[in-house]
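Understanding the architecture of this molecule
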Amino acid sequence: SAVISQKPSRDICQRGTSLTIQCQVDSQVTMMFWYRQQPGQSLTLIATANQGSEATYESGFVIDKFPISRPNLTFSTLTVSNMSPEDSSIYLCSVRAGGTDTQYFGPGTRLTVL
Amino acid sequence: EDKVVQSPLSLVVHEGDTVTLNCSYEVTNFRSLLWYKQEKKAPTFLFMLTSSGIEKKSGRLSSILDKKELFSILNITATQTGDSAVYLCAVTGGDDMRNKVIFGPGTSLSVIP
């Protein structure tokens, strides 16, 4: 399994501001995934971040709102831009174990937007 | 449309009880079914199932997949308060090469002393 860390673990932000969440993995991985979990809801995939190429966004998520960086094989960032209270969620990054479908998750970032 | 349905959505049991959590799915080009336990923020991996009829077991937890009927169950025997969590079922599949992962809504389990 992979060891994944995320920063910050939680934050409270004002409407209209932006927050960048960092995800660090202890091994090199091809794909990193960013999920959102709104209160009382299940996980929804935002985008897949591939090193050296543009992130691939799922339906309903756009790059202007959730820009992603993937500068190397162990690190990625997700920015939540121009935040509104509807962006209050837990944001999770994950990676897939090599050669399998098993995904391992970081500890998550709990975001509250006032 | 690809989807994962879990039942029940919530469950309250007493310590020592046995529980069965259900997961049914519809996904194009099914690859695998995964169970996760989510206590605070991060889901922790429990099982991955790819073949019908083969039980996966870890301590008091076990799971089995039926690919013909498109469902899986997660059993927890002799429940403990530490089993209280949301249990998520997810399936992988999809037409594209990204191997889409679809999560169900989760079953919230509360084990009371």
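Residues numbered from 1 in each chain as written. Chains lettered and ligands numbered in written order. Predicted model: local features only at pLDDT ≥ 70, side-chain atom pairs only at ≥ 80, totals over all residues. Heavy atoms only, no water.

Quick word on the side chain of B:S32
Among the structural elements, B:S32 can be located in strand β4 (residues 32–38). Given a relative accessible area of 0%, B:S32 falls into the buried group. Engagement of the side chain of B:S32 in a polar contact is seen with the side chain of A:D101, the distance being 2.8 Å. One polar contact links B:S32 to B:T92, side chain to side chain, over a distance of 2.7 Å. (Helix = DSSP H or I, 4+ residues; strand = E, 2+ residues; numbered from the N terminus. Buried < 20%, exposed > 50% of the residue type's maximum accessible area, 1.4 Å probe, protein only. Polar contact = N/O pair within 3.5 Å; in protein donor to acceptor, adjacent residues only side chain to side chain.)

Quick word on the nonpolar core
Residues and elements named next belong to chain A. In this structure, W34, I46, F66, I68, Y91 and L111 are the most contacted members of the largest nonpolar core, which totals 26 residues. Breaking this core down by element, the ones donating at least two residues are β3 (19–25), β4 (31–37), β5 (44–50), β8 (75–80), β9 (89–96) and β11 (109–113). Per element, the largest residue contribution to this core is four residues, and it comes from β3. Among residues more than four places away in sequence, those in contact with I68 are W34, A47, A49, A55, Y57, S76, T77 and L78. (Core = buried A, V, L, I, M, F, W, Y, C linked by side-chain atoms within 4.5 Å. Contact = heavy atoms within 4.5 Å.)

Concerning the packing of aromatic side chains
Counted by the stated rule, this structure contains nine aromatic pairs over all chains. Here A:Y35 and B:F103 contribute two aromatic rings whose centre-to-centre distance is 5.6 Å and whose plane-to-plane angle is 85°, an arrangement assigned as edge-to-face. Of the two residues, A:Y35 is situated in strand β4 and B:F103 in strand β10 (residues 100–103); the pairing between them involves two chains. For A:Y35, a relative accessible area of 0% translates into the label buried. Take B:F103: its relative accessible area is 9%, and that puts it in the buried class. Taking 5.5 Å as the distance between ring centres and 85° as the angle between the ring planes, the aromatic pair formed by A:F105 and B:Y36 counts as edge-to-face. Here the residue A:F105 occupies a position in strand β10 (residues 103–105), and B:Y36 occupies one in strand β4, the pair thus bridging two chains. Grouping residues by exposure puts A:F105 and B:Y36 together as buried. Linked through ring pairs, A:Y35, A:Y104, A:F105, B:Y36, B:F45 and B:F103 together constitute an aromatic cluster. (Phe/Tyr/Trp six-rings, centres within 6.5 Å; stacked < 30°, edge-to-face > 60°.)

What to know about the pairing of β5(A)
Residue and element names in this part refer to chain A. Burial runs high along β5: six of the seven residues are buried. Where β4 lies against β5, six bridges are found, and the strand directions are antiparallel. Counterpart to R36 in the pairing with β5 is T44. From the end of β4 to the start of β5, which pair antiparallel, there are six residues, and G40 there has a positive phi angle of about 75°. (Pairing = 2+ DSSP bridges.)

Overview of the state of the cysteines
As enumerated under the stated definition, the model contains two disulfides over all chains in all. Disulfide pairing places A:C23 opposite A:C93 at an S-S distance of 1.9 Å. The sign of the 70° torsion about the S-S bond sets the A:C23-A:C93 disulfide as right-handed. In this pair, A:C23 is assigned in strand β3 and A:C93 in strand β9, connecting sequence segments 70 residues apart. Of the two residues, A:C23 and A:C93, neither departs from the other in class, the shared state being buried. A sulfur-sulfur distance of 1.9 Å marks the disulfide that ties B:C23 to B:C89. Judged by the sign of its S-S torsion, about -65°, the bond between B:C23 and B:C89 is left-handed. (Disulfide = S-S within 2.5 Å.)

Description of the sheet that holds strand β7 (residues 61–66) of chain B
Residue and element names in this part refer to chain B. With respect to topology, five strands assemble into an open sheet ordered β1-β3-β8-β7-β6, the strand pairing being antiparallel. Sheet topology places β1 (3–7) and β6 (56–58) at the edges, where each strand pairs with a single neighbour. When the angles between neighbouring strand axes are averaged without regard to direction, this sheet yields 15°. Sheet topology note: the β7/strand β8 (residues 71–76) ladder contains six bridges and is antiparallel. Paired with I64 across the strands is I73, a residue of β8. (Axes fitted to C-alpha atoms, helices over the stretch in contact; angles between N-to-C directions.)

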